[in-house]
Amino acid sequence: MTHINPLEIFGDALLDVQAPSRYLGGEYGQTVKDDSVPFTFVMAFPDLYEIGMSNQAVHILYNGLNKSPYVRCERVFAPDTDFEELLKERNIPLFSLETGIPLYEADCIGFSIGYELGITGMFTILEAAHIPALKKDRDETHPILIAGGCGVTNPAPFTDFLDAVFIGEAEDEFFKLFETLALKKKEGASKAELLELLAQNKYVWIPGKKAEKAFDKQFGQYASLKNFYPVPTIKPVQNHGVIEIMRGCPNGCRFCHAGIYYRPQRTKDPKFILQEAEALVREGGFREISLTSLSSGDYPCIDKLLDILTKKFSKANVSFQLPSLKVNTFTLPLLEKLSEVRKSGLTFAIETPSEAWQLSVNKEVYTNKLIEIIEEAKKRGWSKAKFYFMVGLPPANDERHIKKQDNPKTEEQEIVDFLLEIQEKTHIQCSVNVGTFIPKPHTPYERIRQLTMEESKEKMAFIHKSLPRGKFKVSTHDEFVSFVEGIISRGDSRAGHLFYSAFKKGCRLDAWEDHMRKDLWQEAISEAGWDVEHEVTRERSDDEILPWNDISLGASPVFFKREFEKSVNQELTDRCSEHCKTPCGVCNVQKNIHVHKDSVENQFDELPEDLKNSCITTAPIRENNIPLLYRVLFSFTKNNGAQFIPHLAMQEMIHKAFLRTELPIIFTDGFNPVPRMELATCISLGTESFDEIGSCLLRYETTPEIFMNKLNDCLPPQFKITKCIIYPVTRKKKRVSLATQLYGSEYIYLFKDQYSKNADDFFNCSSYSELKAKYQIYAQKIKDGEYSVKVCFEGDRPLRDAISEFFGEKIHKIIHIVKTKTVARDENGKPLDYFERFSYLASLHEHFLKKARQELAVFDK
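Residues numbered from 1 in each chain as written. Predicted model: local features only at pLDDT ≥ 70, side-chain atom pairs only at ≥ 80, totals over all residues. Heavy atoms only, no water.

Trainee: Mind showing me how you'd approach the overall build of the protein chain here?
Mentor: The helix and strand tally for the protein chain stands at 34 helices and 28 strands. Over its C-alpha trace the protein chain gives a radius of gyration of 30 Å, about what one expects of a compact globule, namely 29 Å for 861 residues. Overall, the protein chain is about 90 × 65 × 60 Å in size when its C-alpha atoms are taken along their principal axes. Evaluated residue by residue, the protein chain yields a buried proportion of 59% over its 861 residues. (Helix = DSSP H or I, 4+ residues; strand = E, 2+ residues; numbered from the N terminus. Rg over C-alpha atoms; globule rule 2.2 N^0.38 Å. Buried < 20%, exposed > 50% of the residue type's maximum accessible area, 1.4 Å probe, protein only.)

Pasting the structure below:
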């Protein structure tokens, strides 16, 4: 099997690419298997790395598949346009992150599609991987292409592109299926035979075959202790640990596709939640943790759970967030518990403002209760609130609903009046986000019409101009993007070909505002050969066979019809429960997977005392006038891809590593403490280094060997601590920072082929002579095109700029720079080894140590 090493192939050309570490892998906690594993599965996410690594499904699939000894799962993400262009220039196929496998050599590529616009990201990955997108153009030599996720429950647009679609939750049917395929491949099965096995699975859809949804019947009855791996090397969009405390939602909002997809509601045993939280803190190094579900406030005994979590972890400065709170579960005691460690924002998903319309969508948001919550929140320190709305929901736009109402106002006027009342009574600063409702398959509103772009634009404009800017910050979802989403949401195979046409014209990463090419989309739409706008916005009749008719998510068509009638009549449906009076059909398919509130209460009562009451030991230690501390000076290498990790991302990565070590690190003061660490220099992106210098403080003494071993075990492999000294420091003598002792750096400058022959010319030119005199630069030729350079900090950038100007090119195109040493200075400004300098500075504390140790003994008591 081929393995592509992007550092060897692209080298410094990666500096022409935004965020090059997206494409290099090497994260802490990644799984690397060798070529002896019989089946290679590449988990493909059709958006950028920062989005994909925030997606919990990516982690679930990656770690679940890699549990099998017969499956090697590696990752790939959609390349940004600059890296896509670099791949084309070099004629290099897109490759996996872990070991650089060209995607076309994999046995299977699985696309996790949670959002419909991910289809152009899928096309981008396939084209960059040199794999034909159209199924008819692929043969036995190409990988199997499969997809899953919320975004493919209408698989019709994918008909001519994918080999198969998996419907439902991956745990554990998907994992069992692919272990079976791997074993068959090990026995010599062909691609055709593997495809036949896929087709026989009841959870797999292929054209002309029905498929039903797979459920994780054991959800909540086990702990997912490793599903935060790998830990990203650059900051993802959602940079926190995640615990899925509940799957499914009991509320039954009639517009919500995810509520049907994840039915029925299942709760996680609090014992496993506590175990996962401890793993996230101890092994992941996280200090912000989200307790996720579709409606986390509906977790039974959520207040009790938060009590235990905050008691257990508050000393470690861990904060817990509930990102999905319905207003009717948003209690003041719950608010107070969430604010005990660190305040997160107030967010309210209102959707539609009129209470009658809320009954239609099966949602209750009472204005008086909302005002009460906001007023109490303000007393506790909150000053801002965010509100989400949708325009185009049936209660305000469908004639059958409107006939049953006595409301002369438009929905946009209702939204404005609602917000003005909230702001007038609470004086809270309001952020408002308004989007267009897109009817989704497998919901009671799946046949309803979608607003035209003109209707959406008019409603958005009214809201924008009617809310005073000083009190409201209004953002609206682009009506054209919503229209494009609507094309594929309920589209047939024609929609897939329209998206492919748009992709071939240059459309990709369409969810990103700076990438959306409306002009190219309009071209593709105009050339489609069918009335796209009519098809997107029209109502579907009751007797029309829908493109997703072969897919069952468990809820029956009778249930959807009954729910729509209740929507027209403004009637609520009871919450989802095992013994509900309005069954949807899901529980007829899957038995005994509801968890009663009573059983969750019993699970809390049965929690082991050591798990419930023991405080986490990795509490941050602040300096707080401690008489005696221990300073660590350490050096580390940064290469093999680490040179492309941005400085701030590297700092955060080292912070997490410190937290994993459970060494007695001193933290900064303030509301959000981090390890008190400093680095001597901020090295330029792309510069390899064999001698970076860092420093931290310890509360208690340890040996250099223990410090180095623990930290190296908790860092990604591209970083290695190579040397350290540890010495006591006291409050009687001011500590000296690394930066104040910096002289500069020593480098190897490797001039590239076309510039190598002229390297001597630069070092003999007048501009270099002036710099040498001004900054005392020392340069020695090692061989043709290779120089050893010592330069003070002040002269480092001017020297690079002079080289760039001399050759008329960017510096990384002229030379490859390797830092060999970070150099300190003595009292006279002369260059000196950092360890020598700080060994001398350490000796200045010796006079105060005896008294400091006496004071420490008293302090510790």
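From this point, things continue past the structure.
Trainee: Is there a simple way to think about the pairing of strand 16 (residues 472–476) in this case?
Mentor: Regular strands place side chains that alternate from one sheet face to the opposite one. Alignment of strand 15 (residues 429–436) against strand 16, held across five bridges, turns out to be parallel. Residue pairing across strands places Ser431 opposite Lys473, the latter belonging to strand 16. In this fold, the crossover linking strand 15 to strand 16 by way of helix 17 (residues 453–466) has right-handed handedness. (Pairing = 2+ DSSP bridges. Right-handed = clockwise from strand over helix to strand, strands pointing away.)

Trainee: I would appreciate a short explanation of empty space enclosed by the protein in the present structure.
Mentor: One way to see where empty space is left: roll a probe the size of a water molecule over the atoms. This structure, assessed with the given rule, holds six cavities of 30 Å³ or more. In this structure, the largest cavity occupies an estimated 170 Å³ of space. Taken together, 15 residues form the lining of the largest cavity, with Met53, His59, His240, Val242 and Phe286 sitting closest to its centre. Of all the secondary-structure elements, those providing two or more residues to the lining of the largest cavity are helix 3 (56–66) and strand 8 (241–244). By volume, the second largest cavity amounts to about 130 Å³. For the second largest cavity, the lining is made up of 16 residues, of which Val231, Pro232, Thr233, Met653 and Lys656 are closest to its centre. (1 Å grid on protein atoms, 1.4 Å probe; cavity = no way out; pocket = protein on both sides within 12 Å on 5 of 7 lines; lining within 4 Å. Points joined across faces, edges and corners; volume = space filled by probe spheres on them.)

Trainee: Help me understand the sheet that holds strand 5 (residues 164–166) in this model?
Mentor: Through backbone hydrogen bonds, the strands of a sheet pair up, either in parallel or in antiparallel fashion. Here six strands make up an open sheet; going across it, the order is 2-1-3-4-5-6 and the pairing mixed. Bordering the open sheet on either side are strand 2 (71–77) and strand 6 (204–205), each of which pairs with just one other strand. Contacts between helix 5 (residues 118–128) and the sheet are confined to strand 1 (39–45), strand 2, strand 3 (108–112) and strand 4 (144–148), with strand 3 contributing the most and set at about 155° to the helix. In the packing of helix 7 (residues 191–200) onto the sheet, contacts are made with strand 1, strand 4, strand 5 and strand 6, and the angle to strand 4 comes to roughly 25°. (Contact = heavy atoms within 4.5 Å. Axes fitted to C-alpha atoms, helices over the stretch in contact; angles between N-to-C directions.)

Trainee: Looking at this structure, how should I read the sheet that holds strand 11 (residues 288–292)?
Mentor: Spatial ordering of the open sheet is given by 8-11-12, a layout of three strands whose pairing is parallel. The open sheet has two edge strands with one neighbour each: strand 8 and strand 12 (319–321). Taken pair by pair, the neighbouring strands of this sheet meet at an average axis angle of 25°, ignoring direction. Strands in contact with helix 10 (residues 302–313) are strand 11 and strand 12; relative to strand 12, the strand with the most contacts, it is inclined by about 155°.

Trainee: Even after reading the chapter, I still don't get the environment of Phe178, so can you show me in this structure?
Mentor: Relative to the assigned elements, Phe178 resides in helix 6 (residues 173–186). The exposure class assigned to Phe178 is buried, which follows from its relative accessible area of 1%.

Trainee: Looking at this model, I keep getting lost on the packing of aromatic side chains. Mind explaining?
Mentor: What describes a pair of aromatic rings is the distance from one ring centre to the other and the angle between the planes of the rings. Scanning all chains against the criterion turns up 46 aromatic pairs. Relative to Phe83, the ring of Phe10 lies with its centre 5.6 Å away and its plane at 70°, an arrangement referred to as edge-to-face. Here the residue Phe10 occupies a position in helix 1 (residues 6–10), and Phe83 occupies one in helix 4 (residues 81–90), the gap between them amounting to 73 residues. A cation over a ring is seen here: Arg75 above Tyr62, with NZ or CZ 5.3 Å from the ring centre. Sitting over the face of the ring of Trp530, Arg494 holds its NZ or CZ atom 4.4 Å from the ring centroid. (Phe/Tyr/Trp six-rings, centres within 6.5 Å; stacked < 30°, edge-to-face > 60°. Lys NZ or Arg CZ within 6 Å of the ring centre and 35° of its normal.)

Trainee: Quick question: what am I supposed to make of the side chain of Asp398 here?
Mentor: You can see Asp398 is positioned in the loop between helix 14 (394–397) and helix 15 (399–402). Using a relative accessible area of 7% as the deciding quantity, one classes Asp398 as buried. A polar contact is formed between the side chain of Asp398 and the side chain of Arg400, at a distance of 3.0 Å. Apart from residues no more than four positions distant in its own chain, Asp398 is found in contact with Ile448, Glu539 and Phe564. (Polar contact = N/O pair within 3.5 Å; in protein donor to acceptor, adjacent residues only side chain to side chain.)

Trainee: Whenever I open this one, the packing of helix 9 (residues 270–284) against helix 26 (residues 647–661) confuses me. Can you help?
Mentor: Packed helices, taken two at a time, are described by the angle their axes make and the gap between the axes. Between helix 9 and helix 26, whose axes approach to 6 Å, the crossing angle comes to 115°. The angle between helix 9 and helix 26 falls in the class roughly perpendicular. Residues Arg282, Glu283 and Gly284 of helix 9 form the contact with helix 26, whose own contacting residues are Lys656, Leu659 and Arg660. The residue makeup of the contact of helix 9 with helix 26, split by class, is one nonpolar, one polar and four charged. (Parallel < 35°, antiparallel > 145°, perpendicular 65-115°, else oblique. Nonpolar A, V, L, I, M, F, W, Y, C, P; charged D, E, K, R; others polar.)

Trainee: Please explain the pairing of strand 11 as it appears in this structure.
Mentor: Counting buried positions along strand 11 yields four of five residues, so the element is predominantly enclosed. Here strand 8 pairs with strand 11 via four bridges, running parallel. Paired with Glu244 across the strands is Thr292, a residue of strand 11. Here three bridges tie strand 11 to strand 12, and the two strands are oriented parallel to one another. By the bridge assignment, Ser290 is partnered in strand 12 with Gln321. With helix 10 bridging strand 11 and the parallel strand 12, this β-α-β connection has right-handed handedness.

Trainee: I would appreciate a short explanation of the environment of Pro207 in the present structure.
Mentor: With respect to the element layout, Pro207 can be found in the loop between strand 6 and strand 7 (211–212). Taking C-alpha positions, Pro207 is 9.6 Å from Phe158, a pair spaced 49 residues apart along the chain. What Pro207 contacts, discounting residues up to four positions off in sequence, is Lys135 and Thr159.

Trainee: I tried to follow the pattern of salt bridges on my own but got confused; where do I start?
Mentor: Side-chain pairs of opposite charge can arise whenever the charged atoms involved come near each other. Scanning the model with the defined rule gives 61 salt bridges in all. Among the ionic pairs, Lys217 bridges to Glu173, the shortest N-O distance being 3.9 Å. Of this pair, Lys217 sits in the loop between strand 7 and strand 8 while Glu173 sits in helix 6, placing them 44 residues apart in sequence. The network of salt bridges with common partners includes Asp492, Arg494, Glu535, Arg538, Arg540 and Glu544. (Salt bridge = Lys/Arg side-chain N within 4 Å of Asp/Glu carboxyl O.)

Trainee: For this particular structure, what's the right way to read the packing of helix 5 against helix 19 (residues 493–505)?
Mentor: Where helix 5 contacts helix 19, the two axes come as close as 10 Å, and the packing angle between them is 55°. Considered as vectors, helix 5 and helix 19 are oriented oblique to each other. In terms of crossing hand, the pair formed by helix 5 and helix 19 is right-handed. Within the contact between the two elements, helix 5 uses Ile119, Thr120, Phe123, Thr124 and Glu127 and helix 19 uses Gly496, Phe499, Tyr500, Phe503 and Lys504. A breakdown of the residues in the contact of helix 5 with helix 19 according to their chemical character gives five nonpolar, three polar and two charged. (Left-handed = near helix turned anticlockwise from the far one by under 90°.)

Trainee: Which parts of the structure should I look at to understand the side chain of Glu116?
Mentor: By the secondary structure assignment, Glu116 is in the loop between strand 3 and helix 5. A distance of 2.8 Å separates the side chain of Glu116 from the side chain of Lys440, its partner in a polar contact. In this structure, Glu116 is in contact with Gly151, Lys440, Ile488 and Ser489, ignoring residues within four places of it in sequence.

Trainee: Honestly, the nonpolar core in this entry has me stumped. Any pointers?
Mentor: General note: in soluble globular proteins, nonpolar side chains tend to be found buried as a group. Counting residues in each nonpolar core, the largest one holds 85 residues, and the members touching the most others are Phe41, Phe174, Phe178 and Phe707. Setting aside anything within four residues of it in sequence, one finds Phe174 in contact with Phe41, Leu61, Leu65, Ile146 and Phe166. (Core = buried A, V, L, I, M, F, W, Y, C linked by side-chain atoms within 4.5 Å.)

Trainee: I keep staring at unusual backbone geometry and nothing clicks. Help me out?
Mentor: Leave glycine aside and you will find that most residues have negative phi; peptide bonds, for their part, are mostly trans. Between Tyr229 and the following residue, Pro230, the backbone shows a cis peptide bond with an omega angle of -10°. Relative to the helices and strands, Pro230 resides in the loop between strand 7 and strand 8. Here the bond from Arg263 into Pro264 is cis, since omega is -5°, no more than 30 degrees from zero. Positive phi, close to 65°, is recorded for His130, a residue that is not glycine. For His130, the location among the structural elements is in the loop between helix 5 and strand 4. At His442, a position not held by glycine, the phi torsion is positive, near 60°. Along the chain, the position of His442 falls in the loop between strand 15 and helix 17.

Trainee: Would you explain helix 3 in this entry?
Mentor: Along an α-helix, residues three or four positions apart point the same way, because every turn accommodates 3.6 residues. Counting buried positions along helix 3 yields nine of eleven residues, so the element is predominantly enclosed. Along helix 3, the positions that sit buried rather than exposed are Val58, His59, Ile60, Leu61, Tyr62, Asn63, Gly64, Leu65 and Asn66. As for helix 3, its buried residues are in contact with strand 1, helix 2 (49–52), strand 2, strand 3, helix 6 and strand 9 (246–247). For helix 3, the capping residue at the N-terminal end is Asn55, with a side-chain oxygen 2.9 Å from the backbone nitrogen of Ala57.

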